[in-house]
Amino acid sequence: MGQNMQVCLSKDPVGIPVVDDFEIKTSPIPDAADDQVLCRTLYLSLDPYMRGQIAGRHLSGSVAPGDLMRGETISEVVNDGSGFVAGQLIRCMGGWQSYSLQDPTMIAPVSSEISPSSFALSVLGMTGLTAYAGMVWQAEVGKGDNVFIPSVTGAVGSVAAQICMTRGARVVGMAGGPEKCLGALESIGVDACIDRFEENLTEKLEEYFPDGIDVYFDLVGGTLLSDVCQRLANYGRIVLCGLMAEYNRKEREPGPSPGLLIGKRAQVSGLVVYDYEARRDEFIDSLLPLILNKTITQQEDVTFGLSNAPEAFCRLMRGENYGKVIVDLTQE
Ligand SMILES: NC(=O)c1ccc[n+]([C@@H]2O[C@H](COP(=O)([O-])OP(=O)(O)OC[C@H]3O[C@@H](n4cnc5c(N)ncnc54)[C@H](OP(=O)(O)O)[C@@H]3O)[C@@H](O)[C@H]2O)c1
């Protein structure tokens, strides 16, 4: 009988997670009941929100020591039944394991137009939807907007930057280190990219935004938000989306002064991607043609093998990923 490998949390990480915070368990592949679908995991998405689940402060719930790590997967249906056929590709919350039992009402077929199918976790999946919802539906980025996007080579940031450029905006990014900055300029095509480790942020924001920042997509939190607000244009829009600079810490940054935001007539909105689930098809219809004709590309940061998922997640939380972090289990 085959085995199901599972990656569980072994203990609460202190600060940035390390591989020892996780443990690998094996058990027999489970049998599906009549109202369940047995699925084999092909691709697992690793995302920063998982650090929030471990810390017990995420909207989607928590993961405690001993629990299986949760996560979205592209999986293959193993047996016919419940309206699904063996071999069919589906998207589900399979978790960090090689096989999962799914409720058929909670899984979604992956269209054959989405190729590679891992794109249903990245540019045409949750992170792409986040980018689209933030830049198109919330900030309504348009021609002539000057947009600032940190983590610009990351999963959400890279897609957000490309979406803004297709809408006629000018994008300046920020990334960690010269290699990522070069990639942002050459592969993503941003106007300029600030190296967050090497360059003076205030000076660079002044240089690149002489007329102010019209749209800021906040994927980072920390002190950056206050710095950016100093450079915001009148009527600037800020979409608050992520806290990469704060997930590994217990403390929170106080944030910018309300007086500053009032003076700028700023429009600040919080983004929760789950709110846009009902519009997922609309987003895919809009983005798919741009992906098929290569106007928008997605760099994936792929790790092979489920046993290497903990290190891939630790790299993500250290900020060392380039593109959407995916674990490929297809060879197992
Ligand atoms: N609100 C929502 O519904 C929603 C949905 C999806 C994602 N998000 C959030 O959006 C953000 C981006 O997510 P993603 O999946 O696209 O991740 P990602 O950008 O692919 O990876 C995270 C990146 O954050 C950057 N970073 C900046 N400051 C950092 C710090 N102090 N420590 C570590 N890394 C730092 C790193 O890039 P550089 O080194 O290049 O700066 C790192 O590569 C996250 O905060 C995530 O939680 C929110």
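Below, the discussion takes up the overall build of the chain. Scanning the chain from N- to C-terminus turns up 9 helices and 15 strands. Taken against the 2.2 N^0.38 rule, which gives 20 Å for 332 residues, the C-alpha radius of gyration of the chain at 20 Å falls within 12% of a compact globule. Taken along the three principal axes of its C-alpha coordinates, the chain extends 65 × 45 × 35 Å. The proportion of buried residues among the 332 residues of the chain is 45%. The long-range fraction of contacts in the chain, counting pairs at least 24 apart against all pairs at least 6 apart in sequence, stands at 65%.

In this section: the domain arrangement of the chain. Where the parts come together, the accessible area they lose is often given as the size of the interface. Per the domain assignment, the segments making up the chain are domain 1 (3-122 + 299-328) and domain 2 (126-274). Taking only C-alpha atoms, the centre of domain 1 and the centre of domain 2 are 29 Å apart. On the domain 2 side, the residues contacting the 16 residues of domain 1 number 16 residues.

On to the site of the ligand. For the ligand, the set of nearby residues contains 29 residues, the closest of which are Gly154, Ala155, Gly176, Gly242 and Gly319. Secondary structure elements with two or more residues in the shell around the ligand: helix H2 (126-138) and helix H3 (155-166). Per-element tally for the shell around the ligand: the top contributor is H3, with 3 residues. Here the shell around the ligand gathers at least three residues from each of two domains, domain 1 (3-122 + 299-328) and domain 2 (126-274).

Our focus in this paragraph is the pairing of strand S13 (residues 267-270). Residues in a regular strand point their side chains to alternate faces of the sheet. Sheet topology note: the strand S12 (residues 232-240)/S13 ladder contains 4 bridges and is parallel. Residue pairing for S13: Val239 is matched across the bridge by Ser269.

Moving on, we come to the packing of H2 against H3. For the pair H2 and H3, the least separation of the axes is 8 Å and the interaxial angle reads 45°. Between H2 and H3, the interaxial angle falls into the category oblique. In this structure, H2 meets H3 at a crossing whose hand is right-handed. On H3, the residues touching Thr127, Gly128, Thr130, Ala131, Tyr132, Gly134, Met135 and Val136 of H2 are Ala155, Val156, Val159, Ala160, Ile163 and Cys164. By residue class, the composition of the contact of H2 with H3 is 10 nonpolar, 4 polar and no charged.

One can find Gln331 in the segment after strand S15 (324-328). Gln331 gets classed as exposed once you count the C-beta atoms within 10 Å, which come to 6.

This paragraph deals with the environment of Ile296. Relative to the assigned elements, Ile296 resides in the loop between helix H8 (280-292) and strand S14 (300-304). Along the primary structure Ile296 and Gln267 are separated by 29 residues, whereas in three dimensions their C-alpha atoms are 28 Å apart.

With parallel pairing, 6 strands are arranged side by side in an open sheet as S10-S9-S8-S11-S12-S13. The sheet terminates laterally at strand S10 (192-195) and S13, the two strands that pair on one side only. Direction aside, neighbouring strands of the sheet carry axes that sit 15° apart on average. Sitting on the sheet, helix H4 (residues 178-188) is in contact with strand S9 (170-175) and S10, with an inclination near 170° to S10.

With that settled, the discussion passes to H4. Where H4 is concerned, the buried positions are Lys180, Cys181, Gly183, Ala184 and Ile188. For H4, the arc enclosing every buried residue in end-on projection is 160°, short of the 170-degree limit, so these residues lie on one face. Among the exposed residues of H4, those pointing more than 90 degrees away from its buried face are Pro178, Glu179 and Glu186. Buried residues along H4 sit in contact with H3, S9 and S10. Just past H4, the residue Gly189 takes up positive phi, approximately 90°.

Quick notes on the rules
- Within any chain, residue numbers begin from 1 and follow the written order of that chain's sequence.
- Whole-chain, interface and lining totals are the exception, using all residues; otherwise, since this is a predicted model, local features are given only for residues with pLDDT of at least 70 and side-chain atom pairs are given and counted only at 80 or more.
- Helix and strand labels come from DSSP, where a helix needs a run of H or I of at least four residues and a strand needs a run of E of at least two; each type is numbered from the N terminus.
- The globule rule used here is 2.2 Å times the number of residues to the 0.38 power, and the radius of gyration it is set against is calculated over C-alpha atoms.
- Exposure in this text rests on C-beta crowding, where 20 or more other C-beta atoms within 10 Å of a residue's own make it buried, 12 or fewer make it exposed, and counts in between make it partly exposed. The C-beta atoms are placed from the backbone.
- A pair of residues counts as a contact when their C-beta atoms, built from backbone coordinates, are separated by no more than 7 Å.
- What counts as a domain boundary in this text is fixed by an automatic or database domain assignment.
- Using a C-beta atom placed from the backbone, a residue is described as near a molecule or strand when that atom lies within 6 Å of it.
- Note on pairing: DSSP must find at least two bridges between two strands before they are called paired.
- Only the contacting stretch of a helix is used when fitting its axis, a line to C-alpha atoms as for every element, and angles between N-to-C directions run 0 to 180 degrees.
- Oblique is the label for any angle not covered by the other classes, which are roughly parallel (under 35 degrees), roughly antiparallel (over 145) and roughly perpendicular (65 to 115).
- By definition, turning the near helix anticlockwise from the far helix through less than a right angle yields a left-handed crossing, and turning it clockwise yields a right-handed one.
- Three classes are used: nonpolar for Ala, Val, Leu, Ile, Met, Phe, Trp, Tyr, Cys and Pro, charged for Asp, Glu, Lys and Arg, and polar for all others, with Gly counted as polar.
- Note: the arc covers the axis-to-C-beta directions of the helix.

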